[in-house]
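Given next are the chains, with one letter for each unit.
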Protein chains: 4
Amino acid sequence: MSPRTSKQFEQIRTSRRTLIIKHAMTLFADRGPANVSINEIAAAAKISKGLMYNYFKSKEALLKAIILEGFSEITEIFDPDRDGVLTRDELAFFIHALFGKLRKNKKFWRLYFMVMFQSQHLIKKILTENEMNDIAQPFFTKLINYFTTRKIKYPEHELMLFHCLMDGICMNYSMNPKSIDLDKLEPLIIKRYC
Amino acid sequence: MSPRTSKQFEQIRTSRRTLIIKHAMTLFADRGPANVSINEIAAAAKISKGLMYNYFKSKEALLKAIILEGFSEITEIFDPDRDGVLTRDELAFFIHALFGKLRKNKKFWRLYFMVMFQSQHLIKKILTENEMNDIAQPFFTKLINYFTTRKIKYPEHELMLFHCLMDGICMNYSMNPKSIDLDKLEPLIIKRYC
Amino acid sequence: MSPRTSKQFEQIRTSRRTLIIKHAMTLFADRGPANVSINEIAAAAKISKGLMYNYFKSKEALLKAIILEGFSEITEIFDPDRDGVLTRDELAFFIHALFGKLRKNKKFWRLYFMVMFQSQHLIKKILTENEMNDIAQPFFTKLINYFTTRKIKYPEHELMLFHCLMDGICMNYSMNPKSIDLDKLEPLIIKRYC
Amino acid sequence: MSPRTSKQFEQIRTSRRTLIIKHAMTLFADRGPANVSINEIAAAAKISKGLMYNYFKSKEALLKAIILEGFSEITEIFDPDRDGVLTRDELAFFIHALFGKLRKNKKFWRLYFMVMFQSQHLIKKILTENEMNDIAQPFFTKLINYFTTRKIKYPEHELMLFHCLMDGICMNYSMNPKSIDLDKLEPLIIKRYC
DNA sequence: AATGAATGAGAATTCATTCAT
DNA sequence: CATGAATGAATTCTCATTCAT
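Position labels on residues start from 1 in each chain and follow its written sequence. Written order decides the labels, with chains lettered from A and ligands numbered from 1. Two thresholds apply to this predicted model, a pLDDT of at least 70 for residue-level local features and 80 or more for giving and counting side-chain atom pairs, whereas whole-chain, interface and lining totals are computed over all residues.

Asks: Please give an account of the interface of chain D and chain C that cites residues and values.
Replies: Taken together, the contact pairs 27 residues of chain D with 26 residues of chain C. Among the secondary structure elements, those contributing two or more residues to the side of chain D that touches chain C are helix 6 (106–118), helix 9 (155–175) and helix 10 (182–193) of chain D. At 11 residues, helix 9 of chain D tops the list of elements feeding residues into the side of chain D that touches chain C. Lys, Arg, Asp and Glu make up the charged group, whereas Ala, Val, Leu, Ile, Met, Phe, Trp, Tyr, Cys and Pro make up the nonpolar group; the residues left over, Gly among them, are polar. Its residues assigned to classes, the side of chain D that touches chain C shows 16 nonpolar, seven polar and four charged. Note on contacts: each residue gets a C-beta atom placed from the backbone, and two residues are in contact if those atoms are within 7 Å. Labels follow the DSSP assignment, with helices taken as runs of H or I lasting at least four residues and strands as runs of E lasting at least two, numbered in each case from the N terminus.

As structure tokens, then:
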């Protein structure tokens, strides 16, 4: 057998990393990061405790990585924007896309809310790195324009309401999917806002 | 010297208990129950670790006590209703009262959401004891009637939206009060729903 | 009502002391001294923790008192003996008396064996105080004479056997009374040795 | 450097386990399990507290392991017997073997009696697992036959006496070896019973 | 790269004992 | 004499992290 090439090593590293993140996320989301030990994560991912530290330098680093990974998945939906204007269809698409992500990543959302409430200092560090604001802010600005254009009296307040509604849906759905019927809610919201 | 009367002991116990709860709630809400040690709570309350256990038989019991105490404060707002019908004014009052509680008990709400996400098994035990459902359910039923009467097409979905909106507001406000302008939102919501 | 005389106080003290000892012995014997807290004893005796310390200056002192009290009950049977000779009837009576005490004080015997095994240092202190040896030794000497007179070849070894047999019976009976039929054993032993 | 093989790890584990058990048994036997802290055991074995828990998941588990280990050593003597009959020689051998074990494992016997008295619930759990009864019972049955064959009037009572005598010897010898001259007792007992 | 033995700081909890009243 | 609030040392146990191999 020929020795593995560095490319093959690279592939092993990447897939193993993904594996660790996958298992850690499930455990973290189910029981809270504080209640999951490195041991358990290693066991779930079928690697040794020591190797874990080869991939993530600490438990906090692992959590950060998971949050960041999840963010990039989710922040994509704020992305499009050729011009600077938000159309009805674009907003409808955003809502649709958001709900799609939510359905697909229930577990991540649950973890995200957990961390959000539990250790804001951590989240803030991550948010800065990720420049969350830079991503969401333009979208919010466009939403305000959108509401202004549609003669909404207090567009910033409308934005708040929209934002809180979305948060409430994400929170409730990620915590207890059965309590929220996303399929029914989606058209209702689109009808109301678009 | 005559021994202390049982009434004196009771006073001591009550005030100490309140003291512990006060400090524990602040710490729990700020950093999450899992990240606060009994030691820290005792230090904050300026009592010995041992005394903590004289008042609460475990950390979990302390958390439960705090949650229950907070609940009883909050569930009052679901209360009134002589007849079985919800009027516009009553709904407006409910929204007003809810926001009032929210403003007053930011810390508790933050803790509540935390626990909600972190340890649903715990919350479920408490909720059962507290018969949360028995309290909120009738209100939800009345809200559905309310929407039906007002010719809303899908009253249950409207309820979901209302519920999520309120949750989103409570969540965002308790986490970061500056991000939400309750005073502006209140009339807007009342106007929309009442 | 006239104030209590010092004699009345004396009576209160004595009966309370007895009460504490009674409850403590039961608890100690059932679960082992190390697994019973002062709190529990006080609760069982329906007095306050503080008062306990008025009667016994420490947990160890309480245990000592119990052991001593029990000893004096039991060592009585070694007592009689005007002359220096042990007759058949006297030995038979001793065996009978020993079994009588055993039946009556199962709990104490259990505790005694416990303490014996667990903290010999403690027992030794007590034994010295009580001059256990001074009490049992003359009896053992007489038993040796007794065996010698009856042409037993190795009287000291016979003593050992007798001693071990009695210990074995006491131990088994106190630990699990149902496993030993004292009523049947008594005549058998008397027949063998007297 | 190549990583350690699993066989090497196994060797480490076995030797460490033995080491811990050895030190723990000495300490437990000397002062009683309840009066020995994990700290002390770890110190005696010159390992860290944490490592103890890598080998035994709790103090109780450690105690169980010690008791079980000791049992298997001791219950061997109840073993042989092709046919169902106990001969004089076999009984003599049993007595000899028992005393041999006793001499060799004084410490364990002391611990065994301690645990027996202190926490019967624990012992019962272990005894069940170990099927102590299944081991001793057949032997007892054979002893009864043995006594019956030899025209002993009340064979079950004779068994009781034999049993108590043996217990008494084991107890006294394990507690204070100097008080019992096993070498002299052995032939006496064999002469009497065989 | 991989393993899991080993560490040690720190967490929750218990409890004998003291002491103000 | 009586009470029980209060203390603090000790105990069991957990777990992130390190490191020899």
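And the narrative resumes.
Asks: Mind laying out the relation of the copies chain A and chain B, listing which residues take part and the relevant values?
Replies: Relating one copy of the chain to the other requires a rotation about an axis plus a shift along that axis. In superposing the copies, a least-squares fit is computed on C-alpha atoms, taking residues whose pLDDT is at least 70 in both. Between chain A and chain B, the superposition needs a rotation of 179 degrees and an axial shift of 0.1 Å, giving an RMSD of 0.4 Å. Both chain copies can therefore be described as sitting about a two-fold axis. When the interface residues of chain A are mapped onto chain B, 96% of them again fall at the interface, so both copies present the same face.

Asks: Account for the interface of chain A and chain B, naming residues and giving values.
Replies: Across the boundary between the two partners, chain A contributes 28 residues, which contact 27 residues of chain B. The set of elements that each furnish at least two residues to the side of chain A that touches chain B consists of helix 6 (106–118), helix 9 (155–175) and helix 10 (182–193) of chain A. The biggest single contributor to the side of chain A that touches chain B is helix 9 of chain A, with 12 residues. A class-by-class count of the residues in the side of chain A that touches chain B yields 17 nonpolar, seven polar and four charged.

Asks: Please set out the protein's contact with DNA strand E residue by residue, giving values where relevant.
Replies: Near DNA strand E, the surroundings consist of 39 residues, among which Gly50(A), Ser37(B), Gly50(B), Pro3(D) and Gly50(D) are the closest. Those elements giving two or more residues to the surface near DNA strand E turn out to be helix 3 (49–55) of chain A, helix 2 (38–44) and helix 3 (49–55) of chain B, helix 2 (38–44) and helix 3 (49–55) of chain C together with helix 1 (6–31) and helix 3 (49–55) of chain D. At five residues, helix 1 of chain D tops the list of elements feeding residues into the surface near DNA strand E. Grouping the amino acids of the surface near DNA strand E by side-chain chemistry returns 14 nonpolar, 15 polar and 10 charged. We call a residue near a molecule or strand when its C-beta atom, built from the backbone, sits within 6 Å of it.

Asks: An account of the packing of helix 1 of chain D against helix 4 (residues 59–75) of chain D is requested, with residue identities and associated values reported.
Replies: Residue and element names in this part refer to chain D. To get an axis, a line is fitted to the C-alpha atoms, and for a helix only the part in contact is used. The angle between two axes follows their N-to-C directions and goes from 0 to 180 degrees. The geometry of helix 1 relative to helix 4 is characterised by a closest axis approach of 10 Å and an angle of 95 degrees between their N-to-C directions. Judged by the inter-axis angle, helix 1 sits roughly perpendicular to helix 4. The residues of helix 4 that touch helix 1, namely those facing Ile 21, Ala 24, Met 25 and Phe 28, are Leu 62, Leu 63, Ala 65, Ile 66 and Glu 69. Classifying every residue of the contact of helix 1 with helix 4 by side-chain character gives eight nonpolar, no polar and one charged. Roughly parallel covers angles under 35 degrees, roughly antiparallel covers those over 145, roughly perpendicular covers 65 to 115, and oblique covers all other angles.

Asks: How would you explain the protein's contact with DNA strand F if you had to name every residue and give the values?
Replies: The immediate surroundings of DNA strand F are formed by 39 residues, with Ser37(A), Pro3(B), Gly50(B), Gly50(C) and Gly50(D) found nearest. At the level of elements, helix 2 (38–44) and helix 3 of chain A, helix 1 (6–31) and helix 3 of chain B, helix 3 of chain C together with helix 2 (38–44) and helix 3 of chain D are the ones that each hand at least two residues to the surface near DNA strand F. By residue number, the principal contributor to the surface near DNA strand F is helix 1 of chain B, which donates five residues.

By themselves these figures say nothing about function.
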